[in-house]
Structures are given as C-alpha cells and as structure tokens.
Amino acid sequence: MVTLDANVQLASRGTREGSRQVTLTVDGTQLSVPAESTILDACRAAGANIPTLCYLRELNEIGSCRVCVVEVEGRDRLVASCNNQVGEGMVVRTNSPKVRLARQENVKLLLSQHDATCTTCVRSGNCSLQDVSNDLGLVDFTYPTILAQTSWPKDFPLIRNNDKCIRCMRCIQVCDKVQASHVWGITNRATHTLVDVVGGKSIYNVDCTLCGQCITHCPTGALRERDDVARVYDALADPDLTCVVQIAPSVRTSWGDHWGLGEEAGMGRLVCALRRMGFDYVVNTDVAADLTIMEEGSELLGHLGAKSGYPLFTSCCPAWMRFVKAHYPQLVGDVSTSKSPQQMFGALLKSYYAQLLGKDPHRLFSLSIMPCVAKKAEAEYPSMRDACGDPDVDCVLTVRELERLLRADHVDVASLTEEPFDEPLGTGTGAGIIFGATGGVMEAALRTAHYLVCGHAPADDMFGDVRGLDGWKEAIFPLGDKRLRVAVAHGLANADALCRAIVSGEVSYDFVEVMACPGGCVGGGGQPIHDGEERAGARGAALYGFDKRSQWRNSYENPAIERCYREYFERPLSDVAERLLHTDQRAWKMPAEWIAEAENAPDAADSLRP
Amino acid sequence: MARFHLMERTAEQQVMDELHASVGRRLEVSSLAPCPVEFTMSFVGMCATQSCGKCTPCRVGLRVLRHMLSDVLTGRATMGTIDDIERLARGAYLSSDCAIGYEAGAMALRAVRGFRDDFVSHVSSRSCFAGTAPSVPCKTGCPAGVDVPGYLALVRVGRNADAVRLIRKDNPFPLVCGLVCEHPCERNCRRGMVDDPINIRALKRFAVEHEGTPKEPVRAASTGRRVAVVGGGPAGLSCAYYLTLMGHSVTVFEARHHLGGMLRYGIPAYRLPREKLDEEISWIVGQGVEVRLGEKVDGESLSVIRGSFDAVYLAIGAHADKKLGIAGEELPGVESAVDMLRSIGNGKMPDFSGQRVCVVGGGNVAMDVARSSIRCGAERVYIVYRRRAADMTAQDEEIEGARAEGCELLELNAPVRIEAGEDGRVASLVVQPQVIGEWRRGRPAPHAADASERHIPCDRVIVAIGQAIESAPFESLGIPTSWGRISTQTDASIAELEGVFSGGDCQTGPATVIKAINAGKVAAGNIDNYLGFDHKIELDVDIPSPQLQDLGHCARCETTLREAGERSHDFQEIELGLTDEEALQEASRCLRCDHFGFGSFRGGREIQW
C-alpha cells in the first residue's frame, strides 16, 4: 500500500514560499528548523554531530561517502543527511544500530582503498578520514588494502596521490564550479572509479592554474603541494650561501593557525622564528607589493584609452596569469607586464640588495613564503632570471610547508619575541598589506594613482567599494578630470564570467583586478587547511585592520620605495625597472598555447613525418 | 528405494531462481553505459560461474581471462595483454566442448575487438576511452531529454500544470506523447531493477488531462528574423514552436490541408483522437506560428523560400509508400498503408463492409492498418508476415490489440504474387510458407519452406512494409541524399546549402514521434545560433524534494483498454487513462534518479538548453 506523504508535499510547497518552519525529532530531541534545511543541519542544530567526508556546503552535496547516513522512521534503508531535506514530523536517529553498522562499514571500505601511512602524511592530524576513523575506533580493521597505484610526475608543483583519494569528488567540483578550470574528472567507472586528470591526460598537458584550491578542499592527503622543505635545509646547511627569506602579506594572518594564533598572528614572531632557524635576512614582500603599485600604477595611467579597448588587468596572481594565458589569449596583451611582488622582490634581492649587502648574487639563496602553489611554478619560469642569470627566487614554500618547517624544529611559538624585518627592505605600507585580499591590489593602486594624478593623498578608505567577498565587484572613481571604471573578480569562475563579458563587449572597464583564489591570497591554495571552513573572510578583514594601523597607508609614501628609486631604478618604468621588474607574459607557454601553436603551424603535419 | 523422485523445488533453488530473475531485470535496464572493460570482465566472470569444470578452455580459460581483464583495469597490463586476451578468448571459442565455454569465448572476443579503443586507453592512460558518464536513465533514454523525474514528482504532489510546463520545455507535444509515445524512457527505468519500470507514458497522459488551463510560455522579444518550416509534422512544429519562443517569426508550409503530418496521416484516431490532436496543434500554433496550408514545396519553390527567409527547416517526413515488387501489385484493390491512412486522416472513411483484407507487414503501421480495417467493417483481416510474430517490429501491445480485435496473424508467409479474379480485381494473395533460420543483420532471416504456395482469398491487399521519402524534388536543388534520406551534418544543417536545416523522418527514415520532436528541438537551437542568437529555453519550476518513505515492492499500474468487442466498431479512443489513485501510486514509485545516485553529482537536472 502506497500512501501519499502529505508532509513531504507540504514541505516542498513550503520551500516555494520560503521561510516555513518544520518540527522534527532528532535522537529524542524535538526542534523546529526552516523547511528547506538538510537533515544534517537539523541534526547539528539538535547537538548531534554527524560525521561527513565528501560533503562541502553548496559545492559538493552529492552524498557519495555514505558516512553521514541517518535513520529516518518509516524507512528501512538509511538516508544521507547531507543532501536530503527535513520533513514535518520526521523522526531521525543518528546513532541507531543500523547507522553504527553502516558508518563503520563504509569507513572501513574507504580505508581499504587508502594508503593509511599516516605517520608520514602531510595531512596527519588534519585529515577528515583520519578523524572519522579514529572517532569510530576501528582498531580491528582487517579488510585487505587495494590501492589505485596511478603514477604522477614528482616535479610538478601539485602532487596527486590516488592511493589516498577517497573519490569524494570535491576536487572535481572546486575545479569546475569555483575555478572553471576542469582539470579533474572521473577517469574510470564502476568499481574501478578513479579521479584523475580529465581524460587520463598528463597534468603537463592540461591547463592547471595551480591555484591549489583542490588541495585546500581535499579531505585527505591525496592532493598536496610538492614539498620543497628539504631544499631549504640544504641551503641553510651550506656555509657559502646567504639565505634571504621574503614573506608574503597574507601569511601574517595564517602562519600561526597550528598554534592557535589565528588571524592576528602578525609578522614579528615569525621573523624571530626564521632568524633563530638560521636565515641571514628576513625581508618583507609588502615592500615589493608597494613597488608593484608604483610600476603597475604608472602603467595604468599609460594604458587608459588603450587601442585594444580592453582594460589593464593586474598580473600579481600567477594562477590568474596561467588562466588568462590558457583561456583568453586575446587579453594577454592587456595584462600588466609588472611582475608579481614575489618576482619583483627576487630580482631586487639579487641585484640592488646584493649590492647593498656587498654579496655575490650567485651566493644568495632567495626563499619566499607564499600562500600559493602557483608561485612555485612562477619562480621556475625561464623568464624569471633577470637579476644575475640564476632564478630570481630559488625556492617557494607554502604556508603549510612553513608550518612543517617550524614544527620540525620544535619552535616554541609562545617564547618567540616580536622582531622587525631587516631593513631597508623590511617596511611596507598598508597598501602592500592589503595585496593579500580581493580588491586589495586595486585599492592600493587607486591610492597611488590618485596621488600621481591629483598630487595629494587620497582620503582614508575612499576606495572601500572594491572590498568584500562579492565574486565580481565594480565601481567608478573620479581620477582627476576622468572617471575610472574598475572591476574586481576573485575565484576563476568569476574571472571567467568577467573575461567573457569583456570580450563580448557586454562590459567595459579601465582597470581590472583578478585573484584566482576565493577571497584573494588569504584564501590561497597554499594556506593552512581547515576542512569545511572558509577563512578568507576573517583573514581579509584582519589584513584591512593591519592596514588601518600602518604607519603609512600608501605605496608612494614608503621610504624604502623612495630609496629604491633614488638609488637604483630612478623612476617607474625606467630601463632598469623594465629589465628587472617587468616581464614578457608570453615568454613561457601554457599547454593551450603550445597546443594552439602546434595546430596552427603551417607545416605541422610535415614536420611530424619521419 | 524409489525408482524416480518427483522433482521438488528446494529453498536454495527458489533463491537461485529469484536471483536469476533479478539479474535479468538488471540487464534489461540498459542505460548505464558501463565501462566496456569492466563489463566484459564481469560478464566473463558470470559465464565462468556456469562452467561445469570439465574442460580446460572454459574451466581455466575464463578464469585467466577475467584476471587479465582485471589487469587492464588496474594498470598492470601492457599492450601485449590485449593481444593475449584476444588469443585466449579465441582459444576458448574454438576449443570449448559446449556452449557455456564457446559462447563465453565468442562474447569476450567480440568485446575485445569491438572495444579495442577502450582497452588501449585503459592500458595507455589508465582511463576509459570515452567519458560517457552515467546519467538519469529515463531522461537519457528519451530522445528529447525530457525531465521525467521532475514531472513525475510534480504529478505526485498534484502540480499537474507545472508538470506539463516542465515537459513542454523539451517537448511541445505532451498530449500526443502521453497517448502514442513509444516511451523508450521506460526501457531504461531503474525501477525495473526493483520490480517493473514506471508507467511514464501513462503519467504524462494523466498530467496533461489534469493540467487545467495551459499556462502560456514566455516568448523572447521579437528578433525580426524570419524562418520557414517546410512540413507541419511533429519535427516541423516542434522547431516552429521553439523558434517562436526564441522571438523569431516562423511560417510553416504544409502541403496538405491539415497540420500534424504522420500524427494525423499515420496514426489512427482510435489511438490519437483527432480533437485532442487538433487541440495540441492549435495550442502550439497559437504561440504565434504562421501557417500556410495546402502549399506544397518542391525544389524550385524551396529556393524561392530560401531567398525570402533568413533560414529554412526542411521536415517533409516520409510519406511515400514502398512497393512489395511482386506481380499483381498494380491491381485494383491493392493499396498502400500510407494511402489508406491518409484518406482516413482527411476524414474519408473507406467502407470495407463484408470484405476480406490482407495486410502485409509486421510493423506498427501494419497493426494500425489492420485495426483500422476492422473498424471500417472488414469481415476478416489477415496480417501476413514473412517472419515469426516474435520478430515483428510492432510493439507487443499493438500486436496484442490487433489480435484481440479479431485480426489474424499469418506468420511465416512471404507474399509471392497477387492474383486477380474474373472482375480484374484482387482475388487472392499467394504466399510461400517460410522457415525461420539463421541470423542476418541482427535478426533471424526466413527462407522458403519445402511446402507449396498457399492462396489466401481476399478482396483487398494493403501493403505496410515501410515508407519512403519524396526527396527527389530537392536533389535537383543540390540537397544531398543517401538512400533517399536527406543528408545533414550533426547540427541538422545541410552542408551544401547555407541556412537550410533538415530533420525528422525525411532525414532519419521513418522513426518515432519523440525522435521527430527532438529533431525539431535540435534544429531550433542551431537555427537560433545560426541567426546569431543564443536564446535559452528555460523554465523556473521548482521540483519537490524526494520522499524518504519506503515504498517497498509495488507493481506497475497499466492503462486499460475498452473491451475489444466494443472498441473494434468505432474510431473512438481505445485507451483508458490511469485513475487518480493509480496515478498517485505510480508516480510515487519513481526512484528519483535525479537526486539519488549519480544525478546528485552530474546530469540530474538541466535548467535550460
């Protein structure tokens, strides 16, 4: 006998009207929740902490891991709580014998395909699978382990280890929905289902932007950055090398997460820790951010009214550079030629700074600490060797690798003192600091452009309209007698939509900032991972706080910048500046670029003949 | 000690029988697009369970084969492994003692050869060759991709008007399809794994009959572009409908005096009542389609039309008859199914009172003609077919309906000639009895039996062996054809003639209503793009979330027919729709594959196209 379930009928109508409440019972507790709530949310509201693995709110609600299953009265089989809605009068049990059985079995099955060598895993202690298994107390796990054993190039900045993949599909979803890059796909079906580079291709042949969002959204250690910590140890052990480390602006909001320092961790203790570790000079990437503004801001004034009709695009985000080169080749000519702050600083260190220190630039080891995976690739581009012929940046560590570095030395963070950076490249402005948040580069550039055009400082926070977490922001600001139309996008899917609209002529701007990661570098793919949490908002807010408390808030006010130009570069866009601080964005190629080139080559077919 | 024992079905045997039945049901649900290598491995494994273990190639060979196939899937194989698999499968086929082994070998051989690209892809890149992701089965099975779980969910909660609107997003003929769709969706229905597929067609009919006043769709702002549609059948009208919604101005040129094409001139009224057909067509036309009846378009007028419209869609259908090519086919009293159904479609009902009618053919049209003949007063109706009834291409319910209404099936009889009586009219159909034999091109072929010819005395012979396309007039204009069918590119455009598109029966050969509807839909989208637009057909209907209550096993509600004795005397509709009670139960059986399973990850719902 089948009867119509009036409750579900009502619930669905309620959704249409919105805001209706339903009453349900969770583990004996009655509560009232909005009708469109998932069972998971209702259970959590009732204090029942249901474990999840594949679930990511609004991004991956596919109920694939079957770890969040619960028992609903009136139904023999269990339901996934993450993607099913509550109903009026529903009676839910989250720890019934059936639920215990299924949850244990499913986690055991996932473990049977998981290389559980946790002691050597970068995610040990921060792994959702480890947490869930530990919580369930699966001490007598006996299923045979069968691993996928797919191969992966060890030198690529992003590492996929399918022996740790639990096929939750999160990486596919983030790459598709948030980053519009479509790198990951299901490459085998049924019981041999694998998640890998789409179509079984080599990662070198697809347009991975290296944003690292798949890493920060992976529940296990299946995705991580290439670990370069050993190269840092080697450099520190080499008595002939002078080790210089630069630290990116957003790192001040996240490096101390492991020790509970949160967004206000700041730079002082980190500078102290790195000195104790043996670095000879600790310098501040904020300075290079200010330098970027001087160069890019000057470029902007020259680009206004460009023939192409396209706006000037920022170039500080290497994942965005990889994206625009791969997908919008027609826009590359309008991307700023200014290097990213990391690369400007690298070139500065092995030229001007080496001179100041009286050191041989070939004996400088230039390390940078970045919230980013793409920066690892950027430092390796053949065009990034402008100062002395060696790579301007020798090694890039993500914030996660930095954390491993500190933990390996058992640094007692509580005992660290606040220490300043090494001068003269140690002082940045608030404008440099906000580079780490979406809208920050735009705001910093506008502050300086305003000064360059109007001859006086901008009012405090007069460009605040470009802040915030909207995916595609736009604003119009007066600039002298002109009106500057600007747009800011973060998250590559937003950037994709923006570029499409620009190319089709639907929208038109003068200046566009793009950061690949949602929220900007504060949400970067090299940041510490907190599964299920997006911390970019809080970290971004912290950056604006640091900005507000800065001695100088505009790049042109920075004495270090003033000194650099006076002693070395003369002025923005000078010959020396062009050589060291700017780059040819077409000097290296994304797969889409060389594939298009090969296909368009007139005698491509001939040249392939033996 | 007894000499024999009565065969008793043990409890184990009963479980085994049930499991066998379940496997059969699972395999019938054919839409899952499995990985060919994994499928082959599992199939070989299943075959191996049937081995008695006596002979080497089957006992050992199938097991080794399965391991080698597993190696291909797990990255342990080389290209050489593929050759080894082929060699081993061949050995099992060539040398097994019984069918258990040699048929398994043959199947594995067919797989490794037929899926070679897939095997190579697994070895070289650890990946399936083509990434056909499994999707919502019914929706995948529907040529027009109608959101079946969506509208079933709406029917279940009584929102029939929304259900019909949702159907019209992909198919402007919900009423017609509710009555006559061949429902390929049901073949794929995952509910078939549990008990029986959902009666999707009947629920569509139910939704339409309980729709109330139809809601008008949203029409985009006028583009000022003009499109001519040649042919007012399901393909042409679907194309016209969607182009109209996209804001283009559409004119349909129809050669006959009424719109509908084969819906009117092919499908009898007892299956598709004329007033209902008219109702649906006038609703479609009412969205702003201009219609010019009685205007036959040939090659010459087509080029004139092309000159005065921005694009043309050619959907002339397949309305010419096919000849048997036997002596006596020209005699008075011999006619084609197309001619007979056309005159009925035009409202001219033939009078077969007291006559004996031979219908030649085994497809749905043959059944339509036979059943119409009964209704026209024929005393006897024979359906003459050269293969077995089981080989007929007509749907089972059509054959069953014809039989119930008194048609006689004369299977395994090949027409040889038609003989005239003294009055010069048809007197008998001479047939040669056949024996069914070996398989040719996917179905068994008959050959002449060692028996003498038979005379079937009759007053009429109606030939229903297929339709042809009147494409010759267009060939002169440079429109390419192949076997009489108009050749298009995959986007429905005709390569040689810019701005001209074609689809429906004239492009595919005689096919189904729903295929024609999809052809029109595809053409509409591509014509829109051709005209420089990218209009989307979309609908903002929120779909009820799935019920979580258990349904358990529950059999399928079928539509019923009026009594054969009563219905065979008139052209009134024969099918009775589901009752409210039945429709509710049937809609509640839906497993909601848009939400449960892969649908929640990919392919569950397309908001627009």
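What counts and how
- Residues numbered from 1 in each chain as written.
- Chains lettered and ligands numbered in written order.
- Predicted model: local features only at pLDDT ≥ 70, side-chain atom pairs only at ≥ 80, totals over all residues.
- Contact = placed C-beta atoms within 7 Å.
- Helix = DSSP H or I, 4+ residues; strand = E, 2+ residues; numbered from the N terminus.
- Nonpolar A, V, L, I, M, F, W, Y, C, P; charged D, E, K, R; others polar.
- Axes fitted to C-alpha atoms, helices over the stretch in contact; angles between N-to-C directions.
- Left-handed = near helix turned anticlockwise from the far one by under 90°.
- Buried ≥ 20, exposed ≤ 12 C-beta atoms within 10 Å, placed from the backbone.
- Core = buried A, V, L, I, M, F, W, Y, C linked by C-beta atoms within 7 Å.
- pLDDT = per-residue confidence, 0-100.
- Pairing = 2+ DSSP bridges.
- Domains from an automatic or database assignment.
- Parallel < 35°, antiparallel > 145°, perpendicular 65-115°, else oblique.

1. Overview of the interface of chain B and chain A
Facing the 28 residues of chain B at the interface are 34 residues of chain A. By residue number, the principal contributor to the side of chain B that touches chain A is helix H26 (residues 580-588) of chain B, which donates three residues. Its residues assigned to classes, the side of chain B that touches chain A comprises 12 nonpolar, 12 polar and four charged.

2. A look at the packing of helix H15 (residues 234-245) of chain B against helix H24 (residues 513-530) of chain B
Residue and element names in this part refer to chain B. Viewed as axis vectors pointing N to C, H15 and H24 meet at an angle of 35°, and their least axial separation amounts to 7 Å. Note on packing geometry: the crossing formed by H15 with H24 is right-handed. Residues Pro234, Ala235, Gly236, Leu237, Ser238, Cys239, Tyr242 and Leu243 of H15 form the contact with H24, whose own contacting residues are Val513, Ala516, Ile517, Ala519, Gly520, Lys521, Ala523, Ala524, Ile527 and Asp528. When its residues are assigned to classes, the contact of H15 with H24 shows 13 nonpolar, three polar and two charged.

3. Section: the environment of Ser64(A)
Residues and elements named next belong to chain A. Residue position: serine 64 is located in the loop between helix H2 (39-45) and strand S3 (69-72). Serine 64 sits in the buried class, given 22 other C-beta atoms within 10 Å. Leave out the neighbours within four places in its chain, and serine 64 touches Cys54, Cys168 and Met169.

4. Side note on the nonpolar core
Of all hydrophobic cores here, the largest spans 173 residues; its most connected members are Trp320(A) and Val486(A). What Val486(A) contacts, discounting residues up to four positions off in sequence, is Met442(A), Val466(A), Glu474(A), Ala475(A), Phe477(A), Tyr509(A), Asp510(A), Phe511(A) and Val512(A).

5. Regarding the confidence of the model for chain A
With 96% of its residues at a pLDDT of 70 or more, chain A has an overall mean of 93. This model gives residues 1-17 of chain A a pLDDT under 50, and the stretch forms 32 contacts once residues within four places in sequence are excluded.

6. What about the sheet that holds strand S14 (residues 460-463) of chain B?
All names here are of chain B. Strand order across the open sheet formed by five strands is S6-S14-S7-S8-S9, with parallel pairing between neighbours. In the strand order of this sheet, the two ends are held by strand S6 (334-336) and strand S9 (408-410), each with one partner. Ignoring strand direction, the axes of neighbouring strands in this sheet form an average angle of 25°. Alignment of strand S8 (residues 380-384) against S9, held across three bridges, turns out to be parallel.

7. Re the domain arrangement of chain B
Size of an interface: often given as the accessible area lost when the parts come together. All names here are of chain B. As assigned here, chain B comprises domain 1 (34-125), domain 2 (137-215 + 539-600), domain 3 (226-319 + 469-530) and domain 4 (344-464). The gap between the C-alpha centroids of domain 3 and domain 4 is 32 Å. In this assembly, seven residues from domain 3 lie in contact with eight residues from domain 4. In the side of domain 3 that touches domain 4, the residues fall into four nonpolar, two polar and one charged.

8. As for the packing of helix H14 (residues 200-209) of chain B against H26(B)
Residue and element names in this part refer to chain B. The geometry of H14 relative to H26 is characterised by a closest axis approach of 10 Å and an angle of 125° between their N-to-C directions. On the basis of the axis angle, H14 is oblique to H26. In terms of crossing hand, the pair formed by H14 and H26 is left-handed. Of the residues in H26, those in contact with Ala202, Leu203 and Phe206 of H14 are Ala583, Glu586 and Ala587. Class assignment for the residues of the contact of H14 with H26 results in five nonpolar, no polar and one charged.

9. Here's the deal with the domain arrangement of chain A
Residue and element names in this part refer to chain A. Domain annotation for chain A reports domain 1 (22-109), domain 2 (112-225) and domain 3 (229-581). Domain 2 and domain 3 are separated by 30 Å when their C-alpha centres are compared. Residue-level contacts link 19 residues of domain 2 with 25 residues of domain 3. For the side of domain 2 that touches domain 3, the elements supplying multiple residues, two or more each, are helix H5 (170-178) and helix H6 (213-216). At three residues, the largest contribution of residues to the side of domain 2 that touches domain 3 is made by H6.

10. Looking at unusual backbone geometry
Trans peptide bonds make up the majority, and among non-glycine residues the majority have a negative phi. All names here are of chain A. Along the chain, glutamate 423 connects to proline 424 via a cis peptide bond; the corresponding omega equals 10°. Relative to the assigned elements, proline 424 resides in the loop between helix H13 (399-408) and helix H14 (430-433). Positive phi is not limited to glycine here, since aspartate 27 has a value of about 45°. Secondary-structure assignment places aspartate 27 in the loop between strand S1 (21-26) and strand S2 (29-34). Assessed through the 15 C-beta atoms surrounding it within 10 Å, aspartate 27 is described here as partly exposed. Located in the positive-phi region is arginine 167, a residue other than glycine, with phi close to 55°. Note on placement: arginine 167 falls in the loop between strand S6 (158-160) and H5. Arginine 167 gets classed as partly exposed once you count the C-beta atoms within 10 Å, which come to 18.

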